Amino acid sequence: MPKWGMVIDLDKCTGCQACTTACAMENNTLPGESWQDVLFYHEGKYPNTSIKWFPRPCMQCENPSCVHVCPTRATYKTDDGVVLIDWNKCIGCKYCMIACPYGVRFYADERPLLEPDIRQAFPGSDGQMWSPPFQNPESDWSKGIGIQPRGVVSKCTFCYHKISKAPAGVTDLDEDDPDLVEYVPACVRTCAPKARYFGDLDNPESKVNELIANKRGTRVFEHTGNKPQVYYLGEHGTVPKFDPQFDDQA
Amino acid sequence: MNVLETLITRRRFLQASGAASALAAGGIGLRRLNPISESKAQRLSSGETVVTKNVCHQCPARCGIDVYTTDGRVHGIYGSMNSPIANGKLCPKGHLGTYILYDPDRYKGPMRRTNPNKGRDEDPQFEAISWEEALDIVAERLNGLRANNESHRFGILYGRGWGASCAGLLGTFGQLYGSPNIAIGHSSMCSDGSMVAKGLTDGNESYNAYDYKNVNYLLNFGAGFLEAFRPYNYLMQVWGHIRTKSPKTRVTAIDVHANATNAAADRKLLIRPGTDGAMALAIAHVILTEGLWDKEFVGDFRDGRNRFESGATIDGDDFNQRWVHGLETWWNEELKDRTPAWAEKITSIPARHISEVAREFGTTRPAMAIFERGPTAHSNGTWNGMAIHALNALVGSLFAEGGMFYQMGPSYGPLPVSAGDYMDEHAGRVQERIASGELPRIDMKGTNRWPLARNMMQEIGPNHLAGEPYKLDTVMFYLNNPIWTAPDSKVWEEAFKDIFVIETSPFPSESAKYADIILPDHTYLERLQDAPTYPFEGWPIATLRTPAVEPLYDTKVFGDTLIEIGKRIDGPMGEYYQALDNTENVLRHLAEGFRDDPGTNGVNDFESWKREGVWYRKPYHWRQRRGVFYEWDGEGYNRRMSPSEVREKLLRTPSGRFEFVSGKLEQHADYVEQEFGIPAERAGIIQWVAPEHPGGGDLYFSTPKTAMHAEGRGANIPHSISLMQPVMGGRRTVYLEIHPETARERGIRSGDRVRIRSELGEIEAYCRYFEGTRPDTVVLPMEHGHWAQGRWAEGRKPGHSGEITVNRSDRISGLASYYTTKVSVERA
Amino acid sequence: MSVTAEQIPGGPRYSGNTMTATLMLAVGVIGLVIGLIAAWPKFIHGGAALSQGSDMMWGLPVVTYAFLALSSFGVSMVAGVGAVFRIEGWDRIAPRLFTLALGLSIGALAALALELGHAFRTLWAIPLNMQIRSPMLWMGAFWGAYVVFLVWLLLRLRQVDIRDNTVRMLSIAIVLTCVGALFTQGLVYGMMVMRPVWYGAATPLYYWVGSVVTGLGMALLFLNITHRFSHGGLAASKRRVMERHLPVIFLVALVGYAIVVVSRTTAGLWSSAEGVQIVYQYMVASPLFWFEILICLAVPIVFMSMAGLRGNPLIQTTAGALAIVGIFIARYEFIVGGQLVPLWKGSWIPALVEYSPNSVEWGMFLIGVFLAITVYAAGDRFFNTGPHRGD
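For clarity, every value in this text was computed on a predicted model and none was experimentally measured.

A few words on the overall build of chain C. Scanning chain C from N- to C-terminus turns up 13 helices and zero strands. N-terminal to C-terminal, the α/β element order of chain C is α-α-α-α-α-α-α-α-α-α-α-α-α. Taken along its principal axes, the extent of the C-alpha atoms in chain C is 70 × 50 × 40 Å. Counting the 391 residues in chain C, one finds 60% classified as buried. Within chain C, counting contacts between residues at least 6 apart in sequence, those at least 24 apart form 79% of the total. Of the roughly 14,400 Å² of accessible surface on chain C, a fraction of 71% belongs to carbon and sulfur atoms.

Here it is in structure tokens:
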């Protein structure tokens, strides 16, 4: 079985958020429920300021703290390395959200980010929180795929509904290969500067491992010991320290 | 089974360890229990998924998209792999297209207004009517105007015209109907500055096509390369390539605030708004004084000795100019004194940075200087643009590999009928009156007021209000919403109260609130429509939208609406449109042209065009190499072109060369003197002209677009709003960027609500501190603050920047100077 | 149906005044109804009615259940000392305290059930899946066992005296399970290395110290109310407990807690590690913190350290009430504070997370608290934990 991992090249990423909206479209997430997001930071003083950004899917950690704290094993790690949530078992305690150092988990049964609530515009049926006409027909509550019911946690699935159908033995899911494009996660597929790669971390000769080695890939927040399966390449792989710069916040 | 596994593992756990290790964070790996529930994936629908071809609608780039539909519901949009623009990728806007199709605030069919009062707070009280009724109402009005010899009082204003089957039909309509105001494009509220600057210097009044993939140095003046420059998706693909190729392309980006584009570049320079021309001139100065110009394209001193010295003139006879014109005049009359030290005082960029950039730009080949609205949306915009574009001539990047050129159009076949055969007397007379200047356009383009502009849409509201040159009677909008988007838009709100408005948008726009008749268009996923490419890599592309679903509501594609109206006009005009029949017929005829010129992808007729979604034919036909121009002969760029051929096809100036002294501008020397106070003999010289900033405030007000915004089609999409301004964290609103010191001086804290004021009035916004903004500038992304457009668009701060943007346009290009108003900011 | 001792042949006779209990019951029920009204949107709109969410996961609803649960454990520990060691007088107040503990646990469970997305799934999903790596599972296991033992003990007390042997065994079990629940609840927070405000082996101890303070504070508060602010009618041993033992131990617990608070705050303000100092600075800058320290912690310490005051029922009630409020504030600051620093949100949340409870969450809080009061007030009669002749 492959151990799926992702590589993101920060030198190529343009911070456009296409990955974020492709994910939102593919997985019908709500505004603010950014399973995939791009996080921006700015530092420095005029005129020498810098802006950094980090595309952030779920890290699908090797040592997932979220899995370890879930009292019902609703969140679990598959044999091919993906951390999923079973919406039939999740009790909505949100402990996994507390335990995730990367902030990738969402409790969408909350106040809407934007009014009016889009769930009112497309009220839910069949137990879903909302049922828009443009809903992706793929659904599997045991894997957290599709639109969730109320009261459960949701997160990036590495587009498991796609990658799980990839032909066996493929080491890298390359979106430029017409035979593989339908199996590629949405965020990887759409990335215009081709800053994202998806492949088998257990195969030493995969493209993802090649990139990690050649460009000295790093992981974020190593001190937590979670060992993400998402690696970052490029010159600014360190997340800036949390530092609300301006004391006079209104 | 599961219970047994539970027992086994628990027993193993108890045997294998004490309790402590199990609770430790890095504890032993217990065999995971399978989840109880079924792990079979289910699909919610048993139907097959169909993929159709369409073209994204959220910006002008024309990215081909694959549209995924199951059981008649569209649920996915990805970039099409066979689109040479998209190449399987998309920008953030493209994926949200399904929200546009299923927007809950869409109009469901034609409607008529019953509330005679018009205004921001007036409910139109629309009543639903049939298409027959709606079209008859419109036709009756238009026929009435025509009968009264007032056909010029009907205007069609369009924004994002896509191609021959929609906006392309408008010119003929105007010609047959008899109105100079059909159609008026929005380009003067878009980016005419760059087009006119290029037209005055290299003879092509157009955006450039570029060979980015081979450029080694990119000098970017204010273009949002990673934000809203077009074609955005493609630019990002190119970015990934040029930043990892060998050699890596170096990028210097100049803007008035820090953004993703200049953050990703190798060097960022924050310039005083409206002064880019000064920097460009200084760079040109250094290139010449240090001998870095492209000798083969520009020419050289006959004895090879560089005589360009700061402050000293040259003798024009000493220099043999090859493909440029007026170099000696330019140097002697202007450039010799435009040093980096001089530019520093104007731009606030240190002279050493200017010199470094000039040297990098001058010593790296191929190199390009690109620009768009940033430098040109000011009173001196065209002058800035010409100075920047001149740099491309100096380094020989025009029509070269790794350089810039222009876009070829598609090989469309002719329409079944020719307009000239259907002109009646009235139409003929109107044409004469237009040609003689007796009947000007409502926007006064082409008159003494705006002799060099391509459009002056922003003048229509004020002109109508003043009754100069006349009052309009009826206006139809197509993909255009100037009642809201125009600078000083409140004038339009007043002006349009007494105009009969026909709105074709399917969305409840601000223009719709003023409309008397709604003739709703399909959204793009429901359309059959052509869209030749926006300037791209030069070789022609014609994309095609094919419907993914049957229209959800009782809507009609704009092209058909126009044709149906045309059929109902009395006289031969009606016959013309009877013959034209509908847009599908138009498209079939256009596609016939592909038979003789099959696409590189094999598309050679209407059916294959629909299947592929795009026709294109590589390569671009011309190339300049080491000072020689070649034409494509079928196998390579082998056929040398004569200077007259170059003049006819490529450098279309009076001299047939790149003009540092613009011959076309010299023809309007009196106008230039009158508007800029420049002596007539200097009128055509690329020179520094200082910007004038209206508004009355003390801070420059810049209003750029963010990556999620482009043409604003995400206004009613909550996902779009939630990602609108990532650098500032704007996800429920869009923040005013303000420098911390600037704010503190005014007692403003980060996050405060503030009032932004100009001589036109004030708007409110929330602000956030940003060290990346110039202290003398505040930045508010444009086109937010709708008072219509749908439930998510409305009622959200900030107010619309356009309301306080003074309607002062560049006197040459006519570009509405969106970036040049000066405002004051105070705590609300 | 309430049972009075008179109806149990041969059993101890109930002799307490029912008026206080009836009044308390009325207060409890009214408060419960108010809480239900305020919390009504939660039943209709689910999580969308709450202020907590993806940015602040554990807000007032979780603080409510945690506070009530930990109070329950604290009260049980206080009761357990008396019941296990059969200390004269102390064992006589134990039955009422066990009732209070049950009420607090029921209130906590109600609050938790309202907060969880799918509360009743816990009954099958946790035992059948056994994620034993999760401290929350252990906390649930201990708490569940604790409640079972507590109910068992209280049902038994309807028929026998506190000095019964089985009752004593159950008291031991209750103390052990409640300490277990307490510590594992602490580990739920303390094991989170990615939440530096919470992380640390000492977090369970911090919870324990706070619980002891709350338990003693609640004991003093509720017992004094039930005794109608007078120690006069009490049996001598009971009076000694109320006037000497409890207040002194309360003082010791308060001082111990104060030391813990000071050391945590000092270390937090000093540590420049990411996500720690800024939270403590924010906390210390808030008037709520100073109210907690000065009014809710210092004042009870002063009261309890003065020999002349510490036995006074009104002083005790006040000190107890203040301490309870102070611990509640501390729990809130701890739980919410640990989430104030956004974990990897970039510019979307450039400063501390903004959270404040809304009326629905306060409604859930009222439900929890007044359910506890209702159970306690009804318990005198139903569990026969009221005073018996000869007490």
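To continue, consider the overall build of chain A. Helix and strand counts for chain A come out as seven helices and 10 strands. Computed over C-alpha atoms, the radius of gyration of chain A comes to 18 Å, within 12% of the 18 Å expected from 2.2 N^0.38 for 250 residues, which places it in the range of a compact globule. Counting only C-alpha atoms and orienting by the principal axes, one finds that chain A spans roughly 55 × 50 × 35 Å. Every one of the 250 residues in chain A was classed for burial, and the buried ones make up 72%. Of the contacts formed within chain A by residues at least 6 apart in sequence, a portion of 58% connects residues at least 24 apart. Working note: accessible area of chain A is about 7,600 Å², and carbon and sulfur atoms make up 48% of it.

All names here are of chain B. Burial analysis of strand S10 (residues 217–221) places five of its five residues in the buried class, the great majority of the element. Here S10 shows a buried face lined by Tyr217, Leu219 and Phe221 and a second buried face lined by Leu218 and Asn220. Strand direction decides the pairing type here: S10 and strand S11 (residues 250–255), joined by five bridges, are parallel. Bridging across to S11, leucine 219 finds its partner in threonine 252. In this fold, S10 hands off to helix H7 (residues 232–242), which returns the chain to S11; that crossover is right-handed.

The subject of this paragraph is the sheet that holds strand S22 (residues 541–545) of chain B. Residue and element names in this part refer to chain B. With respect to topology, three strands assemble into an open sheet ordered S21-S22-S23, the strand pairing being antiparallel. Each edge of the open sheet carries a strand with a single partner, namely strand S21 (529–532) and strand S23 (614–616). Between one strand and the next, the sheet's axes are offset by a mean angle of 15 degrees, whatever the strand orientation. As paired elements, S22 and S23 share three bridges and run antiparallel to each other. Looking across to S23, one finds that isoleucine 541 is bridged to tyrosine 616.

What follows deals with the packing of helix H3 (residues 90–115) of chain C against helix H8 (residues 236–270) of chain C. Residue and element names in this part refer to chain C. Packing of H3 against H8 leaves a shortest axis separation of 9 Å and a crossing angle of 75 degrees. Relative to H8, the element H3 lies roughly perpendicular. Seen from H3, the contacting residues are Trp90, Arg92 and Ile93; seen from H8, they are Lys238, Val241, His245, Leu246 and Ile249.

Opposite charge on two side chains allows them to pair when their charged atoms are near. Residues and elements named next belong to chain B. Summed over the entire model, instances satisfying the criterion amount to 88 salt bridges over all chains. Across the pair arginine 623 and glutamate 401 runs a salt bridge, and its minimum N-O distance is 3.7 Å. Highlighted residues: arginine 623 in strand S24 (residues 622–625) and glutamate 401 in the loop between helix H15 (381–394) and strand S17 (404–405), separated in sequence by 222 residues. Residue classification places glutamate 401 among the partly exposed residues on the basis of a relative accessible area of 45%. The residue lysine 497 makes a salt bridge to glutamate 494 at a minimum N-O spacing of 3.2 Å. Residue glutamate 494 is classed as partly exposed on the basis of its relative accessible area of 42%. If you follow the salt bridges from partner to partner, you end up with Glu132, Asp136, Glu564, Lys567, Arg568 and Asp581 in one network.

So, about the interface of chain B and chain A. On the chain A side, the residues contacting the 78 residues of chain B number 72 residues. Summed over both sides, the interface between chain B and chain A buries roughly 6,300 Å², with carbon and sulfur atoms accounting for 61% of that surface. Where chain B touches chain A, the interface holds three salt bridges. In this structure, A:Asp176 engages B:Lys89 in a salt bridge whose closest nitrogen and oxygen atoms are separated by 3.6 Å. The tally of links between chain B and chain A comes to 14 residue pairs in polar contact (both at pLDDT 80 or more).

With that settled, consider the confidence of the model for chain C. All names here are of chain C. Of the residues in chain C, 94% have a pLDDT of 70 or more, and the chain-wide mean is 91. Within the model, pLDDT remains below 50 along residues 1–15, and this stretch shows 28 contacts once partners closer than five positions in the same chain are excluded. Note on the complex model: pTM 0.93, ipTM 0.97.

With that settled, consider the packing of helix H9 (residues 276–289) of chain B against helix H12 (residues 340–347) of chain B. Residue and element names in this part refer to chain B. It is the contact of H9 with H12, at a shortest axis distance of 9 Å, that shows an interaxial angle of 170 degrees. Considered as vectors, H9 and H12 are oriented roughly antiparallel to each other. Counted together, Ala278, Met279, Leu281, Ala282 and Val286 of H9 and Pro340, Trp342, Ala343, Ile346 and Thr347 of H12 form the full contact between these two elements. Taken together, the residues of the contact of H9 with H12 break down into nine nonpolar, one polar and no charged.

Residue and element names in this part refer to chain A. Taken together, three strands build an open sheet; the order of strands is S9-S1-S10 and the sheet is mixed. Each end of this open sheet is capped by a strand with a single partner; those strands are strand S9 (196–200) and strand S10 (230–233). Each strand of the sheet is rotated relative to its neighbour by a mean of 25 degrees, with strand direction disregarded. Where strand S1 (residues 4–9) meets S9, five bridges bridge the pair, whose relative direction is antiparallel. Counted as the bridge partner of glycine 5 is glycine 199 from S9. Of the strands in this sheet, S1, S9 and S10 are in contact with helix H7 (residues 207–214), which crosses S9 at around 120 degrees.

This part is about a nonpolar patch on the surface. Residues and elements named next belong to chain C. Taken together, the side chains of Trp290, Phe291, Leu294, Ile295 and Val325 make up a nonpolar region of the molecular surface, amounting to roughly 430 Å² of accessible area. Of the residues forming the nonpolar patch, the biggest block, four residues, is contributed by helix H10 (residues 287–305). By secondary structure assignment, the location of isoleucine 295 is in helix H10. Residue class for isoleucine 295 comes out partly exposed when judged on its relative accessible area of 35%.

Our next topic: the pairing of S10(A). All names here are of chain A. Side chains Val230 and Tyr232 project from S10 onto one buried face, and the interleaved Tyr231 and Leu233 project onto a second face that is buried too. Where S1 and S10 come together, four bridges link them in parallel fashion. For isoleucine 8, the partnering residue across the bridge sits in S10 and is tyrosine 232.

Bringing helix H22 (residues 572–580) of chain B into the picture now. Residues and elements named next belong to chain B. Three or more residues of H22 are buried, namely Met573, Gly574, Tyr576, Tyr577 and Leu580. All buried residues of H22 project into a common sector of 155 degrees when viewed along the axis, lining one side. Buried residues along H22 sit against helix H5 (170–177), helix H21 (558–567) and helix H23 (583–596). Remark: aspartate 581 follows H22 within two positions and exhibits a positive phi of approximately 75 degrees.

For the rest of this paragraph, the subject is the side chain of A:Arg56. Within the secondary structure, A:Arg56 sits in strand S3 (residues 48–56). This buried residue, A:Arg56, is left without a salt bridge; A:Asp37 holds the nearest opposite charge, at 4.3 Å. Within the structure, the side chain of A:Arg56 is placed 2.6 Å from the backbone oxygen of A:Ser34, a separation counted as a polar contact. Apart from residues lying up to four places away in sequence, A:Arg56 is in contact with A:Ser34, A:Trp35, A:Gln36, A:Asp37, A:Leu39, A:Tyr102, A:Gly103, A:Val104, A:Phe106, A:Tyr232, C:Trp344 and C:Lys345.

About the criteria used
- Residues numbered from 1 in each chain as written.
- Chains lettered and ligands numbered in written order.
- Predicted model: local features only at pLDDT ≥ 70, side-chain atom pairs only at ≥ 80, totals over all residues.
- Heavy atoms only, no water.
- Helix = DSSP H or I, 4+ residues; strand = E, 2+ residues; numbered from the N terminus.
- Buried < 20%, exposed > 50% of the residue type's maximum accessible area, 1.4 Å probe, protein only.
- Contact = heavy atoms within 4.5 Å.
- Areas by Shrake-Rupley, 256 points an atom, 1.4 Å probe, with all protein chains shown as cover.
- Rg over C-alpha atoms; globule rule 2.2 N^0.38 Å.
- Pairing = 2+ DSSP bridges.
- Right-handed = clockwise from strand over helix to strand, strands pointing away.
- Axes fitted to C-alpha atoms, helices over the stretch in contact; angles between N-to-C directions.
- Parallel < 35°, antiparallel > 145°, perpendicular 65-115°, else oblique.
- Salt bridge = Lys/Arg side-chain N within 4 Å of Asp/Glu carboxyl O.
- Buried area = accessible area lost by both parts, 1.4 Å probe.
- Polar contact = N/O pair within 3.5 Å; in protein donor to acceptor, adjacent residues only side chain to side chain.
- pLDDT = per-residue confidence, 0-100.
- Nonpolar A, V, L, I, M, F, W, Y, C, P; charged D, E, K, R; others polar.
- Patch = residues over 30% accessible without salt bridge, like charges linked within 9 Å, V, L, I, M, F, W, Y side chains within 5 Å.
- Arc of directions from axis to C-beta.
- Lys, Arg positive; Asp, Glu negative; His and termini not counted.

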